[in-house]
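# Coordinate analysis (summary)
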Amino acid sequence: MAASSAAPSGLPLPAALLLLAPALFFRPVAGHPGQGASTWLRFSRLPFPEDALFLHHAFPEGFLWGAGSAAYQVEGAWREEGKGSSVWDAFAHRRAPSSPPAPSGDVAGDSYHHLERDLAALGLLGVSHYRFSLAWARLLPNGTLPANPAALAYYGALLSGLEERGIEPVVTLYHWDLPQHLQEAHGGWENPLLVDLFRDYAEVCFRHFGHRVRYWLTMDSPYLVAWHGYGTGKLAPGLRGGREAAYRVAHHLLKAHAKVWHLYHNHFRPVQGGRVSIALSSHWIEPQHMTENNIKECQKSLEFVLGWFAKPIFIDGDYPQSMKSYLSSALPEFTEAEKKFIRGTADFFALSFGATLSFHLVDPDMIFQQQETLSLRQLLYWISHEYNRPPIFIVENSWFVSGITKTDGSIYMNYMKYFVSDTLKAIRYDGVPVIGYTVWSLMDGFEWLRGYNIRRGLFYVDFESQDKKLILKSSGMFYQKLIADNGFPLKPEDQPAEGTFPCNFAWGITENFLQVDTTRSQFLDPNVYLWDVHQTKKLIKIIGGVALPRKPHCVDFAAIRLQISLLKDMHITHFHFSLKWPSILPLGNMTSVNHTLLFYYECFVSELLRANVTPVVALWQPSVENQGLPLPLGGWEEQRTVEAFAEYAGFCFKKLGQHVKFWITMNEPNMMNLTYKAAHNLLKAHAKVWHLYDKKFRRTQKGKISIAFHANWVEPACPFSENDGNAAKRVLEFDIGWLAEPIFKSGDYPDLMRQWLQHKNSLGFYAPYLPYFTEEEKHLIRGSFDFLALSHYTTFLVTSEKETPKHYNDLLEIQMLVDITWVKSPNRNPVVPWGLRKLLNWVKFKYGDVPIYIIASGIDDQKDVDEDKLRMYYIENYINEALKAYILDNVNLHGYFVYSFSDRGDSRSYGLYRYLVNQYEAKPSMMHYRQIIDNNSFPGPGAPPLRCPREFILCPECNTLQPRKSLLAFIAFILFAFIVTTFMITYYSKSSPEHCIPIACCAPSSLPGGTWK
């Protein structure tokens, strides 16, 4: 049944369910397994990043949204009102008397005593179905009749409450809690007698509850029951019978399931009209390398875990061939009659995927040296193609958070979003017929082997409290909205914008440091030579003959010509790079000056102007060696570095200021490595340099100067959490406001920053001392800017919960996260375009209508030139978000610079040019960026072409590499004279020896061999 053929809206829920395809009511046609093996190659070839992008779309109409629970995990009341003991009761209590009580489900969420509480929680979520399990030992305390009246009343009340609220029950007959009496009396599922006893128990349930239940699941995760309940002993009943016992138990479980399906099909379906399946759990596995053999091993892994039960039921009544070949006699055999009896005993495919099994209870020997992942989408595709496209009902899915996490479980919500998104893509992109989704679980409960060390509920439960009140978590709010929206609708702010920037918008490219090559290409030899025309035809050096020394010229640097030509090809208006302070002034002062390098910089910026590209020059940028400072300077903690920086800046203004009109004092100070004292001095140094330029150079040079910050956006991990919202504010103030607030607003550090550090100190946490500025220093620093420059690359999530202790920042009480649905680069950098717009609006809100330049923004991508699609997507969408900020939010944005120019010297592959063996090759992203520049962003179809007159930068002082008319005329004359001279020399040299050419005298006898001078 196709997912899009779900019931139309407007019908009552039971009627809508009954309109599902007839395939739900009848046994599927037998087929041939193996089509799932194509999954890995297919998904390895999907277009990137298009397929990986988050899908904003709705689920099919009538899609089922639900939550689930299991009796032993939430009910409690383990020996009340006639309930018998289960194997999990016995297993959890199996501790030495002197030990503290082991975690158990004795009370858990106490749902048995809080029925109305649970029903209200379901109503609050707005779910369409609720999956729960019946406790076999509560209904039949000894595993057989008579039934317990109290249990019948409890489950009857639960079903009535669901019916009143329009919530469809999905009922599991057996979720691991076998009556202990059956285990002790018969050996549990190792005994074939359990097949008939299970059938009798199911009949009781069908007779008492079947008129209210449309979906039945015979049992949950038979793999875990067989392998870990009877094989390894990790789960109840805790027997270690080895693989033979596990395969024997699985054999009986399959027979028991089939018997119950036939019971319902033959005796209850005609009247009750429901459907029956079995909840099968699975992991997902990917090959270590995309080879044929590794893919076969992945296929085998799924067959050993999921196919062990799915193939007999959905295909041919028998085990996978890989298991039969690998296990030989250890695997029981079905008779032909049993195969026929088992085949087709499911009306839909009920799938359990997530924390219960994955990365936790899949036997390592069943991984076959491949790697587990959490790709629900690929698993859904594999199931659809391996088992003849059955309707798939996801009956359990989620991840978990730490047991100490309360209501703000951002990791849990993050994974839920990822799994639901995968499900939506499976439906919309891959055509997989998924009919419903069940999040696990409704509330926090007893988590089997993990006890109460993890939480998986949408509602928080304080297990120490008496009333066991349910508190809706942020993940529950997220799921609530997801249900209401029936997916992820595209919001207006997610739509791409159309429009253009103004004609004077700065389109730039950034390179951290120039790749300087001071090798001079010509006019380097001062010697005088004679030309031996008649004999050796070579030049002969005259001993002692030396030409007058020649001043260096910009034309000597061939490397500049190449870089300038590449920059011109990009159609940019600005080029940003940083000077190397230690290279210009190795000792940090004027006692030692690298004049060659300084001349190279002067030539480069002058040629940029000649090419009509504005140079944007940073005086200092941190680097690995000594923070990018001259070695004699200890660091920014020392006051003398402040004075040295001011002296260095003044020197650069004098030497380069005639060409540079756009200065950055400090480019992206590394806040992670700065002490508070160092940052204090850095701010004073910036302000000194700004005032120096303002007073001594601005009037004559007419430039502008400011500072550039590294500014990634941070978003609250839980949008519904006040704590996460406050955590995000702290990060922004400590990362950006730390330096921006003194310069662009108050002259002092952010109030939030100082108050937080005082708060931490009051709690006994040693927080570093934050210095104070004098009033004079505040006055010096405040307003020391002409614009605000930001380097922005990505966005992160931040939570206040201590979910992963090793990644927790105790000073700020935050943890940084990444949304797993975000597209990521090869270096795992998230691509989050909308974060740029939020950052720009935050800057406007904090610091007013200041002119803003995005001075660097880029992403790494594959090194192969053909694999450049992610960077193209990044550039286009980040610029589009910048355009939204400019057009829709009135942000005073003046420019956007892409990082970086080339891959040379940077192994991370951020460049728009690939560099290999002294050759540059333009990547597709370079051409894409050039097209955006030519269009001045995104004018939209039908928009009149934007005609921006190009303003040429006047630079009469510039030394030039470009030919002028007078220079061309002179070169032409010299070339003509050379040709005439060469012709006459050749002509007369072949004539009579007694004739000398008119432009040279005959060689005197003192010169050997008739050599001509």
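First, a word on scope: everything that follows refers to the structure included in this document. If you're wondering where the values come from, they're calculated on a predicted model, not measured in any experiment. (Residues numbered from 1 in each chain as written. Predicted model: local features only at pLDDT ≥ 70, side-chain atom pairs only at ≥ 80, totals over all residues. Heavy atoms only, no water.)

## Describing the state of the cysteines
Note on terminology: a disulfide is the covalent bond linking the sulfur atoms of two cysteines. The condition that has to hold: In this description, a disulfide is simply a cysteine sulfur pair whose atoms lie within 2.5 Å. Think of it this way: any DSSP run of H or I at least four residues long counts as a helix, any run of E at least two long counts as a strand, and we number them from the N terminus. Note on exposure labels: buried denotes an accessible area under 20% of the residue type's maximum, exposed denotes more than 50%, and partly exposed covers the range between, all computed with a 1.4 Å probe on protein chains only.
Taken as a whole and assessed by the stated rule, the structure comprises one disulfide. A sulfur-sulfur distance of 2.1 Å marks the disulfide that ties Cys-554 to Cys-603. With the S-S bond torsion at -85°, the cross-link from Cys-554 to Cys-603 turns out left-handed. Here Cys-554 is found in the loop between strand S18 (539–546) and helix H19 (558–569), whereas its partner Cys-603 is found in helix H21 (residues 595–610), with 49 residues between them in sequence. An identical accessibility class is assigned to Cys-554 and Cys-603; each is buried.

## Things to note about the sheet that holds strand S21 (residues 662–667)
To be explicit about the condition: Strands were regarded as paired on the criterion that DSSP finds at least two bridges between them. Interaxial angle, 0 to 180 degrees, is taken between N-to-C directions of lines fitted to C-alpha atoms, where a helix line uses only the stretch in contact.
Taken together, the eight strands give a closed barrel; going around it, the order is S16-S19-S20-S21-S22-S24-S30-S31, and neighbouring strands pair in parallel fashion. Between one strand axis and the next, the sheet turns by 25° as a mean value, whatever way the strands run. The pairing of strand S22 (residues 704–710) with strand S24 (residues 788–791) spans three bridges and is parallel. When the bridges of S24 are listed, Ala-708 appears paired with Ala-789.

## Focus on the sheet that holds strand S27 (residues 814–817)
Read across the sheet, four strands follow the order S23-S25-S27-S26 without closing on themselves; strand pairing throughout is mixed. Every interior strand has two partners, whereas the edge strands, strand S23 (713–716) and strand S26 (808–809), have only one. Relative to strand S25 (residues 795–799), S23 runs parallel, the two sharing four bridges. Across the sheet, the residue bridging to Val-714 is Phe-796, located in S25.

## Brief notes about the nonpolar core
Within soluble globular proteins, side chains that are nonpolar generally end up buried alongside one another. Which entries qualify depends on this criterion: By nonpolar core we mean a set of buried residues, namely Ala, Val, Leu, Ile, Met, Phe, Trp, Tyr and Cys, connected to one another through side-chain atoms within 4.5 Å. Whether two residues are in contact is decided by their heavy atoms, any of which lying within 4.5 Å being enough.
Among the nonpolar cores identified, the biggest contains 305 residues, and Leu-134, Trp-189, Trp-216, Phe-575, Leu-579, Trp-663 and Tyr-896 are the most heavily contacted of them. With residues up to four places along the chain from it excluded, the contact list for Tyr-896 reads Phe-505, Ala-506, Trp-507, Gly-508, Leu-836, Ile-854, Ser-857, Tyr-874, Tyr-878, Ile-879 and Tyr-929. Counting ten residues, the second largest nonpolar core, distinct from the first, contains Leu-64, Tyr-215, Phe-348 and Val-395.

## Some remarks on the pairing of S27
In the sheet, S25 pairs with S27 via three bridges, with the strands oriented antiparallel. Bridge pairing in S27 links Thr-799 to Gln-815.

## Looking at the packing of aromatic side chains
In this description, a pair of aromatic rings is defined by centroid distance and the angle of the planes. Short version of the rule: For Phe, Tyr and Trp, rings pair up if their centres lie within 6.5 Å, where Trp contributes its six-membered ring, and each pair is then called stacked (planes under 30 degrees apart), edge-to-face (over 60) or tilted (otherwise). Note on criteria: charge over ring means Lys NZ or Arg CZ within 6 Å of the ring centre, with the direction from the centre no more than 35 degrees off the ring normal.
Applying the stated criterion across every chain yields a total of 95 aromatic pairs. Centre to centre, the rings of Tyr-174 and Phe-198 are 6.4 Å apart; their planes meet at 75°, and the pair counts as edge-to-face. Residue Tyr-174 is found in strand S3 (residues 168–174), and its partner Phe-198 is found in helix H9 (residues 193–209); the two are separated by 24 residues along the sequence. In this structure, Tyr-174 and Phe-198 share a single accessibility class: buried. Through successive ring pairs, a cluster of aromatic residues spans Tyr-72, Trp-88, Phe-91, Trp-176, Phe-446, Trp-448, Tyr-452 and Phe-463. Its end group placed over the ring of Tyr-215, Arg-275 keeps NZ or CZ at 4.9 Å from the ring centre. Note that Arg-754 overlies the ring of Tyr-772, its terminal NZ or CZ placed 3.8 Å from the centroid.

Limitation: the analysis is restricted to geometry and does not speak to function.
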